[in-house]
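# Coordinate inspection notes
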Amino acid sequence: MDLKLKIWKQKNPKDKGRFETYNIANISPDCSFLEMIDILNEQLINEGKEPVAFDHDCREGICGMCSLYINGRPHGPDDDITTCQLHMRKFKHGDTITIEPWRAAAFPVVKDLIIERNAFDKILQAGGFVSVNTGGVQDANAILIPHDTAEEAMDAASCIGCGACVAACKNSSAMLFVAAKVSQLAVLPQGKIEAAARVKNMISKMDELGFGGCTNTGACEAECPKSISISHIARMNREFLCANIQD
Amino acid sequence: MSVLNSKSPEGNLAEKWSNYKSSCKLVNPSNKRKLDIIIIGTGLGGASAAAALGELGYNVKVFCYQDSPRRAHSIAAQGGINAAKNYQNDGDSIYRLFYDTIKGGDYRSREASVYRLAEVSNSIIDQCVAQGVPFARDYGGLLDNRSFGGAQVSRTFYARGQTGQQLLLGAYSALNRQIAKGSVEMYYRRDMQDVVVVDGKARGVVVRNLATGKLEKYFGHAVVLATGGYGNVFYLSTNAMGSNGSPVWQAYKRGAQFANPCFTQIHPTCIPVHGDYQSKLTLMSESLRNDGRIWVPKDKSDAEKIRNKQLSPTDLPEEKRDYYLERRYPAFGNLVPRDVASRAAKERCDAGHGVGTGLAVYLDFADAIKRLGKENVEEKYGNLFQMYEKITDENPYNTPMMIYPAVHYTMGGLWVDYNLMTTVPGLYCIGEANFADHGANRLGASALMQGLADGYFVLPYTIGNFLADEIHTKRISIDSKEFVETEKQVNDRINKLMSIKGKQSVDSFHKRLGKIMWEYCGMGRNEEGLKKALDLIPKLRKEFWQDVKIPGTTDEFNPELEKAGRVADFLELGELMVRDALNRKESCGGHFREEMQTEDGEAKRDDENFAYVASWEYKGDNQDPEMYKENLDYEFVKRVQRNYK
């Protein structure tokens, strides 16, 4: 298939940035979206032009490094996948595809389609852990965890930290990301001990870093490549309320 | 030829590590604060080491090339992690895990190191559970296990098909805790360029800040490389796009020996190649072989009809299918080790029984769905099935998956002694980056075990043994001669790459190298082909240095320049792999020399001549490397022909 691509180009964080238009031909429907950009870049290099910079690594939907708004949707038109898992069979001959970096105050653009998501690390550093040192812990089977609780924790723990929730949210809120970690550790006995301090510290760090508030529109859940449920946000709100009442 | 000393402690197998721990040197807490440790890489090895060393009180600096430490490729490991807990009461023990690992590695690993790995495996599970890793549980609340290749017991702990992710997020959370406390400093988007050696000891690194393009220098009393494997030398592999061999290769050029470079693992269950534009291959977890059955059509004519889409695999009656692993290896069936399963798939496809493009076999879940119900299969493998469907547009609940072997893991790596120290004092290497524990073939679910064993439970002891003698070493200025000189060399090389201004892209060279490696140093190797590769690779390297085209400049975010540096190193590393494969005139594990096979096509080992680790020392750019040997004199295990029948 032949396509027209409108891609955001921005030399560095200070540059204003603009859309550039490229044409690309003979793309196989079995080609992945990022392979399509590889082909474009090969073409640009051969023409002596600057290739498009984008973030990617594992290319199997688990590292969370790829991003992109594709025609306005984080991770593109398919559901429950990351950009690297998107295949060109979701597009048709003659389509125009608009590709942009994610826009959020806490995710500044570094170059072209590459953004900085260091703010997520900082939120987790504020409390997204269980305080145990290496060694000196009890036997793994000494902590009994009901099957369903382990599954629930696993649902929340599936978050890949890509930031699609922030990109999808009109307020650029990180509530789903934060809630996934708070929820995972709040349902498990290992995490309960520090639950109150954790939720307060992580939420205050999230606010400090410039993420917006949650207005329950559910856009984050709709675009999350790992289908993480907004019920985790409800749990986090309860945890937060209880923690503050305890004070 | 010189012989290497592994420094394995004396004594009985089961006592070696305890003896070591009770007699190694210690560093007192106030001195730990004065000691700096550099760690490159934040996968399971790097993140766990950084967390554990930070907790002990050392000053740790950690570097990764991604935008966050959580992106490291350990995250993509799917199936599970082994441990000798024997929670299933099915006969497991530390000795059995040790024995399976030695046997799985085709008797080419070091007894003492592998025993230690099996010994600490149980602590890893305890540690991860304490961190809140949501391993699968049964209905009584206890931990669940599954089976993996090369074992007859169920000892693999798992978190759906995302075990690597959950373990890495556990290590990352421990790392985050130390970053918050200030004991670990995290540097992201940094690509290591070189090791700085001062008076014979590793004392720092030069890294490139990928976002700004600037070179930066950092001092450490010791340097730890946790940089993963070099499977991307093949271009197409299951590794992440950024996974590379450059840090270990630069260390090699600074004097660290490279052991068994030709030992590469080709994983049997990957989604087959489908086009020239393809950038990577996707693994389908080995855990699928617990319930999936592998087959090809018995008759070539049926295979042809299926390839031409005149026949659907689901319509082929049972008696016309060849479940070749169950037929050839009745004792282990579909759960034979990876090297055996991969070769068997290649053999069937080469004989004309392949499906899809001809280079694929079926992995069928119809029986499992009948036996367990679709819901149970979905709970166990749901995310893998979804991943498969998104890539291939076929639904594995209705039609069998197609799979083919692909490059997955490298058992070779920097040579390390029992302390995990390379041949450069103060330079450590952990996880996949070293050669240590898997011999000629790694068993499934053992990579995660090794990464975390090295980082949480081995390195914190062994590095202390070295650092105890460094408490009087003052921090060395990064403006000192050695730092400045190393930085200049890195800078010169980058400028040289940029000044070529040729006609061909970096990727085009990488693809050509990959084809040479896969053709001549892949699943089957022979003398003629290896010699051919030894002729082709230097020519390709020469062409690269004359005609590569790198757009942009050095002082900006320049992904093409990053790739160029990595491919330049792969073009040298690939040659060493071929040289090593040529030297090893035996078949063992993942290294299959076609001249050396039994009558029924199994690998034929030669213990008389090759029961050693081949460790290569760099001698200069235009000189042949020198081979050292570490003799694998087994004290406790009797070598036998591997038999999975």
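Predicted, not measured: the structure shown is a model, and the values here were computed from it.

## Looking at the overall build of chain B
Of the regular secondary structure elements, chain B holds 18 helices and 21 strands. Considering only C-alpha atoms, chain B reaches an extent of 75 × 60 × 50 Å along its principal axes. Counting every position in chain B, which comprises 645 residues, the buried fraction comes to 67%. Here the analysis covers contacts within chain B between residues at least 6 apart in sequence; of these, 75% occur between residues at least 24 apart. For chain B, the exposed surface amounts to about 21,700 Å²; the carbon and sulfur share of it is 47%. Charge separation in chain B, taken as the distance between the mean sites of 85 positive and 83 negative side-chain charges, equals 2 Å.

## Focus on the overall build of chain A
When you go through chain A residue by residue, the secondary structure sums to nine helices and seven strands. A principal-axis box enclosing the C-alpha atoms of chain A has dimensions of 60 × 35 × 35 Å. For chain A, the residues scored as buried account for 59% of the 247 residues in total. Considering only residue pairs separated by 6 or more positions, chain A has 68% of its internal contacts joining residues 24 or more positions apart. As displayed, chain A has an accessible area near 9,300 Å², and 50% of this comes from carbon and sulfur atoms. When the 26 positive and 32 negative side-chain charges of chain A are each reduced to one mean point, those points stand 6 Å apart.

## Looking at the domain arrangement of chain B
All names here are of chain B. Per the domain assignment, the segments of chain B are domain 1 (13–263 + 411–470), domain 2 (267–407) and domain 3 (490–611). Each of domain 1 and domain 3 has a C-alpha centre, and these two points are 25 Å apart. Contact with domain 1, which involves 36 residues of that partner, is made by 43 residues of domain 3. Carbon and sulfur atoms make up 61% of the area that domain 1 and domain 3 hide from each other, which totals about 3,200 Å². Here domain 1 and domain 3 share five salt bridges between them.

## Side note on the sheet that holds strand β14 (residues 361–364) of chain B
Residue and element names in this part refer to chain B. A sheet is described by the order of its strands in space; here five strands give the open sequence β11-β15-β14-β12-β13, paired in antiparallel fashion. Edge positions in the sheet fall to β11 (264–270) and β13 (321–322), since each of these pairs with one other strand and no more. As paired elements, strand β12 (residues 293–297) and β14 share three bridges and run antiparallel to each other. Following the sheet pairing, W295 is matched in β14 by Y362.

## What about the state of the cysteines?
The full count for this structure, using the stated rule, is zero disulfides over all chains. The thiol of C220 of chain A is unpaired, and the distance to the nearest cysteine sulfur, on C214 of chain A, comes to 6.4 Å. The thiol sulfur of C588 of chain B is not disulfide-bonded, and the nearest other cysteine sulfur, from C262 of chain B, lies at 7.1 Å.

## Points about the interface of chain B and chain A
The interface of chain B with chain A comprises 78 residues on the first partner and 77 residues on the second. Here chain B meets chain A over a buried area of about 6,400 Å², counting both sides, of which 50% is carbon and sulfur. At the boundary of chain B with chain A, the tally comes to 11 salt bridges. Salt-bridge contacts for E556 of chain B lead to K111 of chain A; the nearest nitrogen and oxygen are separated by 3.4 Å.

## Re the packing of aromatic side chains
All names here are of chain B. This model, assessed by the stated rule, comprises 37 aromatic pairs over all chains. With 4.8 Å between their ring centres and 45 degrees between their planes, W295 and Y362 make a pair best called tilted. A residue pair is termed long-range when its members are at least 10 positions apart, and W295 in strand β12 and Y362 in strand β14 qualify at 67 residues. Y362 carries the same exposure label as W295, and that label is buried. One aromatic cluster in this structure is built from Y230, W249, Y252, F258 and Y618. Of note, R442 hangs over the ring of Y409, and the distance from its end group to the ring centre comes to 4.0 Å. Just above the ring of Y612 sits the side chain of K629; from NZ or CZ to the centre is 4.3 Å.

## Quick notes on the pairing of strand β2 (residues 59–63) of chain B
The side chains of a regular strand alternate, first on one face of the sheet and then on the other. All names here are of chain B. Taking burial as the measure, the five residues of β2 include four buried ones, the bulk of the element. In terms of strand pairing, strand β1 (residues 36–40) meets β2 through five bridges, oriented parallel. Within β2, the residue paired with I40 across the bridge is F63. As for the winding sense of the linkage, the β-α-β connection from β1 through helix α3 (residues 44–56) to β2 is right-handed. Two strands pair when backbone bridges link them, and β2 and strand β5 (residues 184–187) are joined in this way by four bridges, in the parallel orientation. In the sheet register, V62 faces β5, and the bridge partner there is M186.

## Brief notes about the sheet that holds strand β6 (residues 190–198) of chain B
Residue and element names in this part refer to chain B. Here three strands make up an open sheet; going across it, the order is β6-β7-β8 and the pairing antiparallel. Looking at which strands have only one partner, the edges of the open sheet turn out to be β6 and β8 (215–219). With strand direction ignored, the average angle separating the axes of adjacent strands in the sheet is 25 degrees. Summarising the sheet, strand β7 (residues 201–209) and β8 pair through five bridges and their orientation is antiparallel.

## Concerning helix α2 (residues 118–125) of chain A
Along α2 of chain A, seven of the eight residues are buried, which leaves the element largely enclosed by surrounding structure. Along α2 of chain A, the positions that sit buried rather than exposed are N118, A119, F120, D121, I123, L124 and Q125 of chain A. Where α2 of chain A is buried, its residues touch α4 (164–168), α5 (175–187) and α7 (195–208) of chain A together with α6 (163–181) of chain B.

## A look at the domain arrangement of chain A
All names here are of chain A. Here the domain parsing of chain A yields domain 1 (3–111) and domain 2 (118–133 + 141–246). A separation of 29 Å is found between the C-alpha centroids of domain 1 and domain 2. Contacts between the two partners involve 18 residues from domain 1 and, on the opposite side, 19 residues from domain 2. Carbon and sulfur atoms supply 58% of the area buried between domain 1 and domain 2, which totals about 1,300 Å² over both sides. Viewed at the interface, domain 2 and domain 1 are joined by one salt bridge. Residues R73 and E223 are paired through a salt bridge, measuring 3.0 Å at the closest nitrogen-oxygen approach.

## Things to note about the side chain of N232 of chain B
Residue and element names in this part refer to chain B. Structurally, N232 can be placed in the loop between β9 (222–225) and α7 (246–253). A polar side-chain atom of N232 sits 2.8 Å from a polar atom in the side chain of S237. Among all residues touching N232, those that are not within four sequence positions of it are S237, N239, A240, M241, S243, H510 and F570.

## A word on the pattern of salt bridges
Following the criterion strictly, the structure yields 87 salt bridges over all chains and no others. For D155 of chain A, the salt bridge identified is with R160 of chain B, shortest N-O distance 3.0 Å. Taken together, the residues D155 of chain A in helix α3 (residues 147–157) and R160 of chain B in the loop between β4 (156–157) and α6 connect one chain to another. When salt bridges with common partners are traced through the structure, they connect D106, R108, D339, R343, R584, E586, R605, D607, R639 and R642 of chain B into a single cluster.

## Details of the pairing of strand β1 (residues 3–9) of chain A
Residues and elements named next belong to chain A. For β1, a buried count of five out of seven residues is recorded, marking the element as mostly surrounded by other parts of the structure. Here β1 pairs with strand β2 (residues 18–24) via seven bridges, running antiparallel. Residue pairing in the sheet places K6 in a bridge with T21 of β2. Bridge analysis of β1 against strand β5 (residues 96–100) gives four bridges, and the strand direction is parallel. Counted as the bridge partner of K4 is T96 from β5.

The rules behind each value
- Residues numbered from 1 in each chain as written.
- Chains lettered and ligands numbered in written order.
- Predicted model: local features only at pLDDT ≥ 70, side-chain atom pairs only at ≥ 80, totals over all residues.
- Heavy atoms only, no water.
- Helix = DSSP H or I, 4+ residues; strand = E, 2+ residues; numbered from the N terminus.
- Buried < 20%, exposed > 50% of the residue type's maximum accessible area, 1.4 Å probe, protein only.
- Contact = heavy atoms within 4.5 Å.
- Areas by Shrake-Rupley, 256 points an atom, 1.4 Å probe, with all protein chains shown as cover.
- Lys, Arg positive; Asp, Glu negative; His and termini not counted.
- Charge placed at Lys NZ, Arg CZ, Asp CG, Glu CD.
- Domains from an automatic or database assignment.
- Buried area = accessible area lost by both parts, 1.4 Å probe.
- Salt bridge = Lys/Arg side-chain N within 4 Å of Asp/Glu carboxyl O.
- Pairing = 2+ DSSP bridges.
- Disulfide = S-S within 2.5 Å.
- Phe/Tyr/Trp six-rings, centres within 6.5 Å; stacked < 30°, edge-to-face > 60°.
- Lys NZ or Arg CZ within 6 Å of the ring centre and 35° of its normal.
- Right-handed = clockwise from strand over helix to strand, strands pointing away.
- Axes fitted to C-alpha atoms, helices over the stretch in contact; angles between N-to-C directions.
- Polar contact = N/O pair within 3.5 Å; in protein donor to acceptor, adjacent residues only side chain to side chain.

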